[in-house]
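Structural features, examined
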Amino acid sequence: MVNLHIGFDDTDSPRGGCTTYIAALLVEKLVKLGVGFIDYPNLIRLNPNVPWKTRGNGALCLRIECNRDLVRTIFEMVASVVEENSDMGFVDTDPGIVFFQGKKIPLQLRQFAKRTIQNIVRIDEALDLMKSFNCEALGFLTSYGLVGALAAVGETLEGDHTYEVITYRKPESWGTKRKLDLKSVEEMDQKMKGRTYNNVDEETGRILITPRGPDPIFYGIRGETGKDVLFAQGMIRSSESVERYVLYRTNQGTDAHLRRMGSISDIRPFNSVIVNGVVSSMPKLVPKRHRIFAIKDSTGCIDCAAYEPTGTLRRVARQLTIGDEIEVCGGVRSSGNNPLTINLEKIRLRKLSSRLVMRNPRCQKCDKRMKSAGKGKGFKCSSCGFRSLDIQKKAIRENRDLKKGLFVTSPRSQRHLTKPLCRYGKEKSGKPASMLDHWHTP
Ligand SMILES: [Zn+2]
């Protein structure tokens, strides 16, 4: 018997297809061949800031135990299923498949996976590693998919992880409106609070478990354990039949993409970073309604942007002031000659600066706020008519309407990898000791 790790990536495109659907088809075929799974299928989200990514930038790894004679058959089966179900007509879809045999995933592959999740890696790096570890591989078109496929093999999810059960639609329903009972989603969300996450966006009431594209996914429920998400799935009602479902173990909702930077000058384009700084410019509203402000440290400064859909963050960003000490998290973008910008996913307010503002005095007679009577003419009260030349503006400590703490983008605009507030304190590690019986159908 051998342990076989099958990674694949980049089979989908914005117009359809879905890498997890290929995983679901393969699960059924592999089970029919009689192989044993040594983990739930791993759904690995990669660096969300890669400029050429498709929608979710998710790669898959199936980890199985099988008879050595079966390896060849399995390789051919995987290749043909990936080929038949990939959208290779699309210019940026370049599928890749990687097979690794062995009980333990080597350290270099695990480190490679971390870099692919947090950074940009070159395809040569993947090719060199595959050669030194005797991986069998198949790359279509430009073969960029090999990078993600190898990263999926290397990310063994021994640190923090979550689960998602994904249900799939029958092919005849693809592209049509999803017939889901929204009320049952709300009920499930209420009942499973703390054990599932991002089912519903609280600010807008929008249901978040269904994608909106033409892909085969019906809905997906994310949560803390396999048992939780399968239980939640049982509560969902729909008038559309589900073709199949698979339970995935994943790095979603874990902040695996974020890397702490020692200083602002270390930040590079397309990284996902956590960095401390002091607010150095007042938040500005820029076209398309983004809020932009800058932070600095002793090494440099960088722009931070909160986008329109991110309600909570934008509200906080609007109220920042020069001198506030904050920590920001997000992906780093650069465009042309513009300076780097951090697209904010989170802000932690560490220390709010207390600003003194000069305010007009209050009227001695009626206590209303007075107005300037003109340069050198003192103040007048527009309510009772009282005037005075003797009184002056007063310095008042500005009342900040902000509290210290962590603020996260609203669920509807969170990336797959963003750890939502409700997951703080629920981090876990290690693989599950055993697998649930009904983790897939068929
Ligand atoms: Zn007055």
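Residues numbered from 1 in each chain as written. Predicted model: local features only at pLDDT ≥ 70, side-chain atom pairs only at ≥ 80, totals over all residues.

A word on the overall build of the protein chain
Put simply, the rule is: Starting at the N terminus, helices and strands are each numbered in turn, a helix being any DSSP run of H or I of at least four residues and a strand any DSSP run of E of at least two. Remark: C-beta atoms are placed from the backbone, and a residue is labelled buried if 20 or more other C-beta atoms sit within 10 Å of its own, exposed if 12 or fewer do, or partly exposed between those counts. Contact between two residues is assigned whenever their backbone-derived C-beta positions fall within 7 Å.
Tallying secondary structure elements over the protein chain gives eight helices and 23 strands in all. C-alpha atoms of the protein chain, sized along the principal axes, occupy 100 × 50 × 40 Å. Taking all 442 residues of the protein chain together, the buried fraction comes to 41%. A separation threshold of at least 6 residues defines the contact pool for the protein chain, and within that pool the share at least 24 residues apart is 72%.

Some thoughts on the domain arrangement of the protein chain
Accessible area lost when the parts come together is the quantity often used to give the size of an interface. Test applied: In this entry, domain limits derive from an automatic or database-based domain assignment. Classification convention: Asp, Glu, Lys, Arg as charged; Ala, Val, Leu, Ile, Met, Phe, Trp, Tyr, Cys, Pro as nonpolar; all other residues, Gly among them, as polar.
Its domain assignment divides the protein chain into domain 1 (2-156) and domain 2 (259-354 + 399-414). Distance from the C-alpha centre of domain 1 to the C-alpha centre of domain 2: 34 Å. Taken together, the eight residues of domain 1 in the interface contact seven residues of domain 2. Its residues assigned to classes, the side of domain 1 that touches domain 2 comprises four nonpolar, four polar and no charged.

What about the environment of Met-235?
Note on placement: Met-235 falls in the loop between α7 (226-233) and β10 (242-250). As a C-alpha pair, Met-235 and Val-185 span 50 residues in sequence and 7.7 Å in three-dimensional space. Discounting chain neighbours no more than four positions away, the residues touching Met-235 are Ser-184, Glu-187, Met-188 and Lys-191.

Comments concerning the sheet that holds strand β18 (residues 371-372)
In a beta sheet, neighbouring strands pair by backbone hydrogen bonds and run either parallel or antiparallel. Applied cut-off: Two strands pair if DSSP finds at least two bridges between them.
One open sheet accounts for three strands, arranged β18-β19-β20; its pairing is antiparallel. Of all the strands in the sheet, the pair left with one neighbour each is β18 and β20 (387-388). Where strand β19 (residues 379-380) and β20 come together, two bridges link them in antiparallel fashion. Paired with Lys-380 across the strands is Arg-387, a residue of β20.

Points about helix α5 (residues 145-154)
Burial within α5 is extensive, with 10 of its 10 residues counted as buried. Along α5, the residues classified as buried are Gly-145, Leu-146, Val-147, Gly-148, Ala-149, Leu-150, Ala-151, Ala-152, Val-153 and Gly-154.

Remarks on the packing of helix α4 (residues 123-132) against α5
Applied cut-off: Angular values range over 0 to 180 degrees, each being the angle between N-to-C directions of two axes fitted as lines to C-alpha atoms, with helices fitted over their stretch in contact. Roughly parallel here means an angle under 35 degrees, roughly antiparallel means over 145, roughly perpendicular means 65 to 115, and every remaining angle is called oblique. Rotating anticlockwise by less than a right angle from the far helix to the near helix defines a left-handed crossing, while the corresponding clockwise rotation defines a right-handed one.
Packing of α4 against α5 leaves a shortest axis separation of 9 Å and a crossing angle of 50°. Between α4 and α5, the interaxial angle falls into the category oblique. For α4 against α5, the interelement crossing comes out left-handed. Within the contact between the two elements, α4 uses Ile-123, Ala-126, Leu-129 and Met-130 and α5 uses Leu-146, Val-147 and Leu-150.

Focus on unusual backbone geometry
Residues Thr-441 and Pro-442 are joined by a peptide bond in cis, for which omega reads -5°. Counting through the fold element by element, Pro-442 comes out in the segment after β23 (440-441). With phi around 55°, Asn-198 is a residue other than glycine that occupies positive phi space. With respect to the helices and strands, the residue Asn-198 is situated in the loop between β8 (196-197) and β9 (217-223).

Things to note about the environment of Val-242
Mapped onto the fold, Val-242 is located in strand β10. C-alpha separation for the pair Val-242 and Arg-169, spaced 73 residues apart in sequence, amounts to 5.3 Å. If near-sequence neighbours (up to four positions away) are discounted, Val-242 is found in contact with Thr-167, Tyr-168 and Phe-218.

Comments concerning the nonpolar core
Keep this limit in mind: Put simply, a nonpolar core is a cluster of buried Ala, Val, Leu, Ile, Met, Phe, Trp, Tyr and Cys residues tied together by C-beta atoms within 7 Å.
Core analysis: the largest hydrophobic core is formed by 65 residues, its most contacted members being Val-98, Ala-149, Leu-150, Ala-151 and Val-153. When sequence neighbours within four positions are dropped, the list of residues in contact with Leu-150 reads Gly-7, Val-98, Leu-109, Phe-112, Ala-126, Leu-129 and Met-130. Ile-264, Ala-305, Leu-320 and Cys-329 belong to the second-largest nonpolar core, a separate cluster that totals 26 residues.

Side note on helix α6 (residues 182-191)
An α-helical turn contains 3.6 residues, so a residue and the one three or four places further along point in the same direction. Quick note on the threshold: What the arc covers is the set of directions going from the helix axis to the C-beta atoms.
Among the residues of α6, Val-185, Met-188 and Asp-189 are the ones counted as buried. End-on view of α6: buried residues confined to an arc of 100°, all on one side of the axis. Of the exposed residues in α6, the ones pointing more than 90 degrees away from its buried face are Lys-183, Gln-190 and Lys-191. On its buried face, α6 is in contact with α7.

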